[in-house]
Amino acid sequence: MKKLFRVSRTRGQAMILGVVTLLILALVVFITFNVTVSVQQKIRLQNYADAKAFSLAVVEARALNHFAYTNRAIASSYVGMANVHAYMSEAAMLVDLKMAASSVMGIISGIEYAECYCCWAGPCCFSHCIHGMEANINSIGLLIDWVSGRMGQKIRQLDQPAMNLMRALDAHVTMLNGSQQAVRLGVTATLMQGNLGSLMQENMQKAAGVTQDENAVNIFNTQQWNQVFFSNTQQKQRIMAETVNATRQDFAWNRKGSPLVQPVLFPQLAKLIKASLWMGPNGTWAVLQSPGGVNGRTGATDGNFPGQSGGMVFMTQDSQPSSTRGQSISSFDWGTLTGTWRHGAGVGQLPMLGPISAGEMVSGQSARHTGGFLDFFNRPHSGSQHSSPQIKMERFMEFNIDANAPFNQPAVFAAVSTDGRVNEFGIRGPYEVAKDGTGTLRIGKVGSQDGEITLTNNERTKAFSKALVYYHRIGDWSDYPNLFNPYWRAKLHPLTQTDMATLATIDTNAATVAGAASGAPHSGGKGVNIQ
């Protein structure tokens, strides 16, 4: 009996150990499932953060490319304005052709008479005398034709169309710049709002209900965006003026032809010179313009022109860059008319009254040609300064480049958080064994303390991402970032030590850990992806 009693006292010990083992195994299973759900949500959350940062960077890159295209269109409009001034200034020379031709015919008349007097005994003397008389008649007829003003009236009729064209180009620039400002404000609003429509729902599915964007990074994104743009008005005017002067046609800048003869406006020069009331000369005629000095120039300056107050009269090819401010565009022409007729040749100056008969074509308020105080016939003359003081050449977007990498290329941050215990179906469980939803299981007193075991992470899961908006012309890394070439792109980018301040606004511990890990001795001092 004693032996049987002792055996019965040891029965059931394995069952107790089995129950404890099953309990521990169940807890491990619950922890495993909870960790799986948390890891899945962490992956989804990081994908969403990456997608958001990259999408915002794409928005900025597209805006910068829009600025590049519109800046080119704005520069093209300014080039068009410069060409209008160049052609109007060149057209004003047509008015003086009759006067210059009259001078040329006077010179030829003297040559013919000289030949007539020197060879009175020869057989050709009589023809030279006749040619001299014809040259005199032509000279007087051309002068009378100039005085009649018919050519001047025709040229003056171009003033209004030229003014209308200048106003249209100026309005075009204003509209393009308005679209740039609207796009910039639109991007700023998107960055401040920090919302990209259904992007969260598409990435987080039903868990989007407990997911939120950390708006603390929005101010950093806005600062990065706004510092891209250069705001110095005078410097912007100079940049655009230099761009226009560098890209305009050769004719608009220095009147270069082939090489010096201008066939553009004078293809039928002999017919233009021929007087309608007189026999007129039918010789060889050419307008020559010197490419040097101030002859035949179109430029953007910082001053006004004759008839207005102060400022520079015109811009020469050798003007200092500091004088180029782009507040106005002007043209100035000076040249000569060479003519060969019968047995003589002569040269007439264009303009004949240039030093005392400056004219102007003004866009904005009015458009006109005006003569000098000795021009009783009020005719436009060559040598006129055609100016447009209403132009504001700062109406474009300019990139504020920095001297060091990343050259002020904007970064975009995204920070998001979610409840890591919510699965893709938007529910907790069925592995939430704690009734209070804390994820912590309490099993009563163990000695003097409560026994607790945490089955899942009670903190919100967070994700942080960075994208860079960068400039790259394919095949050429030497081209620095600018807003005239549409080569802006977006990419995800590693954090830098400077970015730790942004990360700290979301999670101080994460910033501390990341900063420390980036200098860790293992993995070449790159414990995390920090540049």
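What this report covers is the structure whose coordinates are included nearby. (Residues numbered from 1 in each chain as written. Predicted model: local features only at pLDDT ≥ 70, side-chain atom pairs only at ≥ 80, totals over all residues. Heavy atoms only, no water.)

**Some words on the sheet that holds strand 5 (residues 335–341)**
What the three strands build is an open sheet, ordered 2-5-6; its pairing is antiparallel. Both outer strands of the open sheet, strand 2 (284–288) and strand 6 (344–350), are each paired with one neighbouring strand and no more. If you compare each strand with its neighbour and ignore which way they point, the axes differ by 15° on average. Bridge analysis of strand 2 against strand 5 gives five bridges, and the strand direction is antiparallel. When the sheet's bridge partners are listed, Thr 284 is paired in strand 5 with Thr 340. (Pairing = 2+ DSSP bridges. Helix = DSSP H or I, 4+ residues; strand = E, 2+ residues; numbered from the N terminus. Axes fitted to C-alpha atoms, helices over the stretch in contact; angles between N-to-C directions.)

**Focus on the sheet that holds strand 1 (residues 212–213)**
What holds strands together in a sheet is hydrogen bonding between their backbones, with the strands either parallel or antiparallel. The strand order 1-8-11-12 describes an open sheet built from four strands, whose pairing is antiparallel. The outermost strands of the open sheet, each flanked by one partner alone, are strand 1 and strand 12 (488–492). Sheet topology note: the strand 1/strand 8 (residues 411–418) ladder contains two bridges and is antiparallel. By the bridge assignment for strand 8, Gln 212 is matched with Ser 417.

**Looking at the nonpolar core**
Counting 23 residues, the largest nonpolar core has Leu 64, Phe 67, Trp 225, Phe 229, Val 469, Leu 483 and Trp 488 as the members making the most contacts within it. Among the elements of the structure, helix 2 (13–118), helix 5 (159–193), strand 8, strand 11 (461–471) and strand 12 are those that each provide at least two residues to this core. Take this core: its biggest share by element is eight residues, from helix 2. Excluding residues that lie within four positions of it along the chain, Trp 488 makes contacts with Ala 61, Leu 64, Asn 65, Phe 399, Gln 409, Pro 410, Val 469, Tyr 470, Tyr 471, Pro 481, Asn 482 and Leu 483. In terms of nonpolar packing, the next biggest core, distinct from the first, is built from 21 residues, Ile 74, Met 81, Leu 169 and Ile 391 among them. (Core = buried A, V, L, I, M, F, W, Y, C linked by side-chain atoms within 4.5 Å. Buried < 20%, exposed > 50% of the residue type's maximum accessible area, 1.4 Å probe, protein only. Contact = heavy atoms within 4.5 Å.)

**Describing unusual backbone geometry**
Within the chain, Phe 407 stands out as a residue other than glycine whose phi angle is a positive 60°. Following the sequence through the fold, Phe 407 ends up in the loop between strand 7 (386–387) and strand 8. Exposure remark for Phe 407: the relative accessible area of 22% places this residue in the partly exposed category. One non-glycine residue with positive phi stands out, namely Asn 408, at about 70°. Relative to the helices and strands, Asn 408 is located in the loop between strand 7 and strand 8.

What is shown is where atoms sit, not what they do.
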